[in-house]
Amino acid sequence: MRLRQGWLLAGICALALSAGTAHAATEIRVVVAHYSDATAPIFEGMAKDFEHAHPDVKIRVEDVSWDNLQQRLTTDIAGGTPPDLAIVGTRWLLDYASQDVAEPLDSYMTQEFKDRFIGDFLKPSVINGKTYGLPVAASVRSMFYNKDLLAKAGVNGPPATWDDFLAAAKSVKAKSGGAYAFGLQGKELETDVYWYYALWTMGGNLIENGKSGIASPAGIKAATLYKELIDEGLTQPEPTGANRQDVESLFKQGRAAMIFTGPYMRGQIAKEAPTLNYGIAPIPKGTTAATYGVTDSIVLFKDSSHKDVAWKFLEEQAFSPKWRTEFTLKEGFLPITKAEAADPTFANDPGLKALTALLPSARFAPLIPNWEEMADATMAALQQIYLGDAKPEDALKSAADKIDGLIKP
Amino acid sequence: MRRHTGVSGFLAFVMILPSIVLTLWTVGYPVVDIAVTSIHSVNRFGRTTGFVGLANFAALLADPIFVASFWRTLIWTASVVAGTILVSLPIALVLQEDFAGRGLARVIIMLPWAISLTMNAVVWRWILNGQYGMLNALLFDLGLIDGPVEWLAQARPAFMIEIAIGIFVSMPFTVTILLGGLASLPSEIYEAARVDGASAIMRFRALTLPLLKPFINMAIVLNIIYVFNSFPIIWVLTQGDPANSTDILVTYLYKLAFRYGRLDLAAAMSIVMLLILLVFSVAYASMAMRSQSAE
């Protein structure tokens, strides 16, 4: 009798256990990109709120560094175990859409949900009329200038055009006691972007009529200008030795008067060089105003077995006013939803206002395949130009030919 | 030669069979998988999208960066291996001598080995930084330079520095092999040579070098295999820049596979690299067997 009771008990326990696991079986895996040490706790907070409202769901947040993110997701997808949701660089979306691993979100979005976003922010993630991702982080690049160095050089305010820029740079070189007028990035990630600013403001485009536009007259003009800056000693010496961080360090140390960088620089300066007297201005104009806008997107994977629950998580938590504001504030990005923009912290910040004002002129990386390979081809051409190993026309032309081959293989 | 009976030979085979199967599987599976990938077109996520025959190999040969990286890999491997042997041999000879502090000297020579290759490269990157690197600070204080020098900004100096660092980090291993070789040399013949009045240089050329030859050969082959595929130094210092002028095969392979998502091209490239290394491995194996049969 005893024995049988024991067995019965064990059976009930087993049943209860299996029921328990079945009950909490809805597990949503969310891979988040590591923007800072605040990222994971913010998403854990969202998860907690969501689990509180839906006790049958477990949200698992996985924090992955940007360096490993693409490789990690690629491996997961290739292995057939993608997460349910993941933050990705918006320009990766094309691969995700064309390989049919990302779920189009249009049928999930209500009008109310769409209305939460500011203006065109949903647009960068639309491919062939379908929305494949929702923007989670937005930033726009601008010129950061050292007010003291410009004043010392007798330059009043930041240069608005490239002509003014050249004149200002010459004055800085002559009068600012060894400081570099312009920090020019010449190696590693985003070396190409540092040059796109000039390309775009001079009226050029990355893609023109389905072909590379880097060897256009605007492109040659832009590359010639940068080479001239190098040759006249208006940049730090030998730019091909400096990556993005090197250039930003020069600025933070007060040794470069002007650089192009993103909003995150504000936080870095506040922490590392709080006494630096700097201002934020648009990229100098050529024929037009332009800058580089970057968004990151969150995607829902087609292979997710709980798409509705995952979507609910996005709708109820990730894009709620509370968590959007928390995220953008802590990470130092620009507001994406109207609720964030209305928050007094953003509305009363002149720096953020200046950056937000640049958004209408921002260009985004075009959603074309093989983007990384094109970026590297462009970077290689620029390095040849900066080093004086090739003429701007020749180097850009051969890079453009290579890119044309990548666009239409 | 001992005679084996058929039974014990068969039994021996059965007993090592599990190991053979395991080895073939762990070594063979990836190779077969990569070989299959190399003749298909494969998307970024590893899904095969069609059979293409040798098109991936043709695409590689038509890629000027691949061809340039191939030749540069040969220069890289030859320079680092030759430099390593030339530097390690005198060091091993000195460390073989009995002198006060030899233990300490041996430890110092071995130290770079204790630090991971990547960490080594990162430290060198800091040292060589143009704006705040130690090297420029030192040269500036000595009055040898009057402004920052970007050591890694141009192709030629950058590649030469990478080769020098390659030699520096390959040295401990090579010195160890050579020291082992030196310790195994019989001392009688040296005494005999000394009695016959041979000078130190004559002893080195007539005795040490020939006797050490198997060990030097071993060091050369093993170093070729390591250096050919050595990724961290070049990746950390220049990522193959400027303008792909310091790319070797393995750094370009990494770009193809993980930056550009061209897994099929990368697989074809791996096969090419595997075949090149196979030649050296066979050379190594035959050398090892020959030295064994010589004993």
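Fair warning: this is a prediction, and the values are worked out from it, not measured in the lab.

### Considerations on the UniProt feature "transmembrane region" (unreviewed entry) in chain B
All names here are of chain B. Feature annotation in UniProt places "transmembrane region" (unreviewed entry) on residues 6-27, 48-68, 74-95, 107-127, 158-185, 206-228 and 265-285, given in this structure's numbering. The annotated region residues 158-185 carries 93% helix and 0% strand content, and the separation between its end C-alpha atoms amounts to 40 Å. Annotated as residues 206-228, this span is 100% helix and 0% strand, and its ends, taken at the C-alpha atoms, are 32 Å apart.

### Observations concerning the pattern of salt bridges
All names here are of chain A. Enumeration according to the criterion identifies 24 salt bridges over all chains in this entry. With a closest N to O distance of 3.1 Å, Asp76 and Arg72 form a salt bridge. Taken as a pair, Asp76 and Arg72 lie in helix 3 (residues 66-78) at a separation of four residues, close to a single helical turn. Among the residues examined, Asp76 registers a relative accessible area of 12% and is labelled buried. Classification of Arg72 by relative accessible area gives partly exposed; the value is 26%. Lys170 serves as the salt-bridge partner of Glu232, at 3.8 Å between the closest nitrogen and oxygen. One end of the pair, Glu232, is in the loop between helix 9 (217-231) and helix 10 (244-252); the other, Lys170, is in helix 7 (residues 162-175), with 62 residues separating them in the sequence.

### Structural notes on the interface of chain A and chain B
With 32 residues of chain A at the contact, the number on the chain B side is 28 residues. Both sides of the chain A and chain B interface together cover about 2,700 Å² of buried area, and 46% of this is carbon and sulfur. There are three salt bridges connecting chain A and chain B. The salt bridge partner of Asp376(A) is Arg259(B), with a shortest N-O separation of 2.7 Å. Counting across the chain A and chain B interface gives 14 residue pairs in polar contact (both at pLDDT 80 or more). Of all elements in the fold, only helix 3, helix 4 (93-98), helix 10, helix 17 (371-387) and helix 18 (392-407) of chain A reach the threshold of two or more residues within the side of chain A that touches chain B.

### Structural notes on unusual backbone geometry
Residue Asp241(B) is joined to Pro242(B) through a cis peptide bond whose omega torsion reads -10°. Examined against the element boundaries, Pro242(B) turns out to sit in the loop between helix 10 (232-237) and helix 11 (249-259). One non-glycine residue, Glu188(A), lies in the positive phi region at around 65°. Inspection of the secondary structure puts Glu188(A) in the loop between strand 8 (180-182) and helix 8 (191-201).

### Thoughts on the packing of helix 8 of chain A against helix 17 of chain A
Each packed pair of helices is defined by two parameters, the angle between the axes and the distance between the axes. Residue and element names in this part refer to chain A. For the pair helix 8 and helix 17, interaxial distance at closest approach is 8 Å and the crossing angle is 75°. In this view, helix 8 runs roughly perpendicular relative to helix 17, as classed from their interaxial angle. Contacts from Thr191, Asp192, Trp195 and Tyr196 of helix 8 reach helix 17 at Trp371, Ala375, Thr378, Met379, Leu382 and Tyr386.

### A short note on the domain arrangement of chain A
Residue and element names in this part refer to chain A. As far as domains go, chain A holds domain 1 (23-139 + 294-364) and domain 2 (141-291 + 366-407). Centre-to-centre separation of domain 1 and domain 2, based on C-alpha positions: 30 Å. With 20 residues of domain 1 in contact, the opposing surface of domain 2 contributes 19 residues. Here domain 1 packs against domain 2, burying approximately 1,700 Å² in sum over the two surfaces, 61% of which is carbon and sulfur.

### Some points on the environment of Ala365(A)
Residues and elements named next belong to chain A. Structurally, the position occupied by Ala365 is in the loop between strand 14 (362-364) and helix 17. Given the relative accessible area of 16%, Ala365 is considered buried. When the C-alpha atoms of Ala365 and Tyr292 are compared, they prove to be 7.9 Å apart, with 73 residues separating the residues in sequence. Each residue touching Ala365, except ones within four places of it in the same chain, is listed here: Arg91, Tyr292, Gly293 and Trp371.

Each value, and the rule that gives it
Residues numbered from 1 in each chain as written. Chains lettered and ligands numbered in written order. Predicted model: local features only at pLDDT ≥ 70, side-chain atom pairs only at ≥ 80, totals over all residues. Heavy atoms only, no water. UniProt positions renumbered as here; feature names shortened; annotations may be inferred. Helix = DSSP H or I, 4+ residues; strand = E, 2+ residues; numbered from the N terminus. Salt bridge = Lys/Arg side-chain N within 4 Å of Asp/Glu carboxyl O. Buried < 20%, exposed > 50% of the residue type's maximum accessible area, 1.4 Å probe, protein only. Contact = heavy atoms within 4.5 Å. Buried area = accessible area lost by both parts, 1.4 Å probe. Polar contact = N/O pair within 3.5 Å; in protein donor to acceptor, adjacent residues only side chain to side chain. Axes fitted to C-alpha atoms, helices over the stretch in contact; angles between N-to-C directions. Parallel < 35°, antiparallel > 145°, perpendicular 65-115°, else oblique. Domains from an automatic or database assignment.

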